[in-house]
Amino acid sequence: SPRNLRVLLDMDGVLADFEGQFLKRFREKYPHDPFVPLEERSGFYVTKQYYDLGQDIGTKAFSIYEEKGFFLNLQPIEGALEAAREMAEMEGVDVYICTSPIKKYTHCVVEKYQWLDKHLGKEWMERMILTRDKTVINGDLLIDDKPNITGGMNPPMWQHVLFTSWHNRDVVPQGSQIRLDGWLPHSNWRDILEQKRQE
Ligand code: T3P
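Remember, it's a predicted structure, so these values are computed and weren't measured experimentally.

**Q** Help me understand the pattern of salt bridges, please; the structure alone is not making it clear to me.
**A** Oppositely charged side chains are able to pair whenever their charged atoms sit close together. A full pass over the atoms with the stated rule returns 15 salt bridges. The salt bridge partner of Glu67 is Lys29, with a shortest N-O separation of 3.5 Å. Of the two residues, Glu67 is situated in the loop between helix H3 (55–66) and helix H4 (80–89) and Lys29 in helix H1 (residues 18–29); the sequence distance between them amounts to 38 residues.

**Q** Help me understand the sheet that holds strand S2 (residues 93–99), please; the structure alone is not making it clear to me.
**A** With parallel pairing, six strands are arranged side by side in an open sheet as S3-S2-S1-S4-S5-S6. Of all the strands in the sheet, the pair left with one neighbour each is strand S3 (128–130) and strand S6 (178–180). Neighbour-to-neighbour, the strand axes of the sheet open up by a mean angle of 30 degrees, direction not taken into account. Packed on one face of the sheet, helix H5 (residues 105–119) meets S2 and S3 and runs near 160 degrees to S3.

**Q** Looking at this model, I keep getting lost on the side chain of His160. Mind explaining?
**A** Positionally, His160 belongs in strand S5 (residues 159–163). One polar contact links the side chain of His160 to the main-chain carbonyl oxygen of Lys146, over a distance of 3.4 Å. His160 has contacts with Leu142, Asp144, Lys146, Pro147, Ile149, Ser176, Gln177 and Ile178, leaving out every residue within four places of it along the chain.

**Q** What should I look at first to understand empty space enclosed by the protein in this one?
**A** Going through the model one piece at a time under the given rule, you end up with one cavity of 30 Å³ or more. Taken together, the residues of the lining of the largest cavity break down into five nonpolar, no polar and two charged.

**Q** Any chance you could explain H5 here in plain terms?
**A** Helical geometry note: an α-helix holds 3.6 residues per turn, so side chains three or four residues apart project in the same direction. Compared with the 21 Å implied by 1.5 Å per residue over 15 residues, the 21 Å span of H5 between its first and last C-alpha is a close match. Of all the bends in H5, the largest measures some 25 degrees and sits at Glu111. All of the buried residues along H5 are Cys108, Glu111, Lys112, Trp115, Leu116 and His119. Here the buried face of H5 lies against H4, S2 and S3. Gly121, located one to two residues past H5, shows a positive phi value of around 105 degrees.

What counts and what doesn't
- Residues numbered from 1 in each chain as written.
- Predicted model: local features only at pLDDT ≥ 70, side-chain atom pairs only at ≥ 80, totals over all residues.
- Heavy atoms only, no water.
- Salt bridge = Lys/Arg side-chain N within 4 Å of Asp/Glu carboxyl O.
- Helix = DSSP H or I, 4+ residues; strand = E, 2+ residues; numbered from the N terminus.
- Pairing = 2+ DSSP bridges.
- Axes fitted to C-alpha atoms, helices over the stretch in contact; angles between N-to-C directions.
- Contact = heavy atoms within 4.5 Å.
- Polar contact = N/O pair within 3.5 Å; in protein donor to acceptor, adjacent residues only side chain to side chain.
- 1 Å grid on protein atoms, 1.4 Å probe; cavity = no way out; pocket = protein on both sides within 12 Å on 5 of 7 lines; lining within 4 Å.
- Points joined across faces, edges and corners; volume = space filled by probe spheres on them.
- Nonpolar A, V, L, I, M, F, W, Y, C, P; charged D, E, K, R; others polar.
- Expected span 1.5 Å × (residues − 1).
- Bend = angle between axes of the 7 residues up to and from the residue.
- Buried < 20%, exposed > 50% of the residue type's maximum accessible area, 1.4 Å probe, protein only.

Have a look at this one:
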C-alpha cells in the first residue's frame, strides 16, 4: 500500500488567530495610538506595518506579542480544531504541527506547547515540530498563511497550501502554491489532500 500522506499544519494564522489577538491586545494596551484594522492589513509581518506608522508604534507592536500569555491566549481559528482532529483521524494521513517560535522565545516556545495541549490534547505533543526553517522539514503539504517560505532547502519537499488570512488576501499564489480559504464546512481542504494523495 502507498505510504501515508504527511501534512504539516502551521499554527499562527492557520490554527491560532495571531492577527485577531494582536489587534485586540494592542487596542487594550495602547487605546490612544493609531492601529491597523484587519481589513487594512497587508504584508506578513504585523510589526512592519506598525513601524510604518512610527518607530514608537512599531516598538509597542513588538511588546504585544512578546508579552507573557500572548501565544497561550490566541483564539482557535474558526473550524480549525475540528478540521485538525478530522485530518488526524483520516486513514493514511499523518498530521504534524509545524511552527516557528519568535526570536524572543521565553514565553512563545512553552506557550505553543500549552496551546496545543489545551485545545487538542496531550497526544498532539507527538506531532509538534518547532523550527525556524520549515523548508528542511519533510512533508507532502504545508498549510501556512505566510506567502514566501524560504530556507536552506530549495525547493522544499512539500507543496505550499497558502491559507487565506487578512494580510495575504491579495497575494497571487506563486509556482505550485494553491490557496485554501479557511476551515469552515465549505472549505476544500479534503479535496486538496485527496488530490495530493493521487499524485
Ligand atoms: P507560525 O510559524 O506558527 O506561523 O514568526 C514566528 C511566529 O510568529 C510564526 O508562527 C509566525 C508568527 N508571526 C506572525 O504570524 N505575524 C507576525 O507579524 C510575527 C512577527 C510573527
